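Structural description and commentary
Chain by chain, the residues:
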Amino acid sequence: MNTSDLIDRDTSWEIPRTGAMRVPVQLHAGEALVRDMDDKVREQACNVATLPGIVEAVHVMPDAHWGYGFPIGGVAAFDPAAGGVVSAGGVGFDISCGVRCLLTGVRAEDIASIDARLADALFAAIPAGVGSTGSLRLREGELDAMLTGGARWAVGHGFGTPADLERIEEHGQMLHAKPSAVSERAKRRQRDEMGTLGSGNHYLEVDRVVEVCAEDAAAAFGLRRGDAVVLIHCGSRGLGHQIGTDYLRDMVVAAAGYGIKLPDRELACAPIDSELGRSYLGAMRAATNCALANRQILMHLVRGVFADLVPAAHLALLFDVSHNTCKVEDHVVDGAPRPLYVHRKGATRAFGPGHPELPQELRAVGQPVIIGGSMGTASYILAGMSADRAWSSACHGAGRAMSRHEAVRRWRGRELVAELANRRILIRSPSPRGVAEEAPGAYKEIGAVVDAAEAAGLARKVARLEPMIVVKG
Amino acid sequence: MFEHFAHGADIGIRGRSETLDRAFAEAGRALTAVMTDPDRVRATTAVPIHCSAPDDELLLVEWLNTLIYEMATRHMVFGRFEVRIADHGLVATAWGEPVDVGRHQPAVEPKGATMTALRVAHESGAWLAQTVLDV
């Protein structure tokens, strides 16, 4: 991205308002990362800035890259009282895609001697990849109950414990979900997919804590150097994908009727205070509950594997974050709190210390923010720093540095698996090409991204993790 | 013919042919090629497809999303397509078989067809049908 006309705001760079932009764009990254961002990030962020009812600024996270409509790593808040909109494109197809981190209570060295058996058992227990199906089949009434109850529904059906719910955003259940706003196609698409991981950049990892960066927060989070932890990254599966598809189409067709001029059809949106807007919000919240229930079921399956192979382990949920969302949050605007519809597309909510939504034992240090890596590279646990910066948001991953197309030209899946095995990182996947597309070298250097998030005052580093076992779809 | 083109996080797909019908069919093959080689897919089952949209570009999105839905819910991959388009309505047959992980070694699953880089046009004597898939 050309930075010559950007304004240096100390911890961020500003693209000033021009043309139809209603607000400026704030890029929360150092100059080197901003220069490396695709020009499409700029174009897409400036397009978002033209949408009705947008408040203060479009915020761009340090891992931002070219998305569709919104850039991946884009954050924008809309005020319903000012004609604000909700955008299906601003949430995306994988509604409430997210990551959860499980503490295991055992040391990585205790797992090292059985890592191959553990990898094989996790790969056998977790349905992953194209065409995989889960063992849970929900009849329509049960499906609607799941879409209303989220992880709380899952716990009620024996997947996990009530204590888990306190460590999930929205306490495991997104309120005001409307299963009636979810199409039959979306429900049909989910029929076989409860408790499945998916493919692409979704994964399950067993990681080793290799560095503690902030002792106070690490102690509050229960992280010690040398511990084994588990990360699960996936979303709302076919149901969320279909809801995104359905409402994107409906919003594109309806936009002109609402007097909304879309600079890019992918930014399809509807007024929050409209029938279509309310319907999408109800369906999107149902998909959020589907994602929360799905990760809860996957965690239950992981616990079963550990109970068999690592009986000393006790898998406790550190936290579950979603990074494709639209949530109603109170934020201070012009000195007074206002309910805003905050879209985070490839960005993580990162409440700072003292936020009342956080569990008591985490409140003093801020919300855990889980930054997923890419098989061979580190992942990070951060802690939210701010009540107001970028609407309390942070990055979500390393961000791709090259396309899947280019990655497949450069790497072969089987060679990558062998190379990583030499570094004692065990990959289990049904798809060599899928592994090649997700090659660690296809991602940005994650250390630079989290350093930028910390320097920008979004979230501070707590611990660095390195993978031991990776199950990919 | 079909091809893929680069997108930051996802995959662009493009079908080209002398007719609009064939360009859409080639875009279908490009969709399958995101998962597996369409020439490796056996045509054991025929699935009828119908869809419509306000214009041909939205029809391409609708066509691809219908294929994604049918493949996901039937646990199939499609390798061959016959398409007829008239007045922004589409009637097609997709031939394919159940996913065989060992033989197809499917890579990434498409979540949906986006409207990014969406283009249906007649240029240089051929029809072009392209968009970016979210995977």
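In what follows, the accompanying structure is described. For every chain, the first residue of the written sequence is number 1, and numbering continues from 1 along that sequence. Labels are handed out in written order, letters beginning with A for the chains and numbers beginning with 1 for the ligands. Predicted model: local features are reported for residues with pLDDT of at least 70 only, side-chain atom pairs are reported and counted for 80 or more only, and whole-chain, interface and lining totals are derived from all residues.

1. Overview of the pairing of strand E9 (residues 227-234) of chain A
Residue and element names in this part refer to chain A. Remark: C-beta atoms are placed from the backbone, and a residue is labelled buried if 20 or more other C-beta atoms sit within 10 Å of its own, exposed if 12 or fewer do, or partly exposed between those counts. The helix count covers DSSP runs of H or I at least four residues long, the strand count covers runs of E at least two residues long, and both are numbered beginning at the N terminus. Along E9, 8 of the 8 residues are buried, which leaves the element largely enclosed by surrounding structure. The alternating pattern of E9 places Asp-227, Val-229, Leu-231 and His-233 and Ala-228, Val-230, Ile-232 and Cys-234 on opposite faces, both of which are buried. Two strands make a pair as long as DSSP finds a minimum of two bridges between them. Strand direction decides the pairing type here: strand E7 (residues 98-107) and E9, joined by 7 bridges, are antiparallel. Bridge pairing in E9 places Leu-103 opposite Val-229. Two elements, strand E8 (residues 203-212) and E9, share 6 bridges in a ladder whose sense is antiparallel. By the bridge assignment, Asp-207 is partnered in E9 with Val-229.

2. Considering the sheet that holds strand E4 (residues 76-86) of chain B
Residues and elements named next belong to chain B. With antiparallel pairing, the 3 strands of this open sheet are ordered in space as E3-E5-E4. Each edge of the open sheet carries a strand with a single partner, namely strand E3 (45-52) and E4. Going across the sheet, the axis of each strand differs from the next one's by a mean of 20°, ignoring polarity. Pairing analysis gives 10 bridges linking E4 to strand E5 (residues 89-98), with the strands arranged antiparallel. Residue pairing in the sheet places Ile-85 in a bridge with Leu-90 of E5. Working definition of a contact: two residues with C-beta atoms, positioned from the backbone, lying within 7 Å. Lines fitted to C-alpha atoms define the axes, with helix axes restricted to the stretch in contact, and inter-axis angles between N-to-C directions lie between 0 and 180 degrees. Sheet strands in contact with helix H1 (residues 20-35) are E4 and E5, and its direction is about 160° off that of E4. Across the sheet, helix H2 (residues 56-74) touches E3, E4 and E5, and the angle it forms with E3 is around 145°.

3. As for the interface of chain A and chain B
With 38 residues of chain A at the contact, the number on the chain B side is 28 residues. Per-element accounting of the side of chain A that touches chain B gives the leading share, 6 residues, to helix H10 (residues 237-254) of chain A. A breakdown of the residues in the side of chain A that touches chain B according to their chemical character gives 8 nonpolar, 17 polar and 13 charged. Under the convention adopted here, Pro, Cys and the residues Ala, Val, Leu, Ile, Met, Phe, Trp and Tyr are nonpolar, Asp, Glu, Lys and Arg are charged, and Gly plus all remaining residues are polar.

4. Overview of the environment of Glu-406 of chain A
Checked against the element boundaries, Glu-406 of chain A lands in helix H13 (residues 404-410). Sequence separation between Glu-406 of chain A and Glu-437 of chain A is 31 residues, and the spatial gap between their C-alpha atoms is 8.2 Å.

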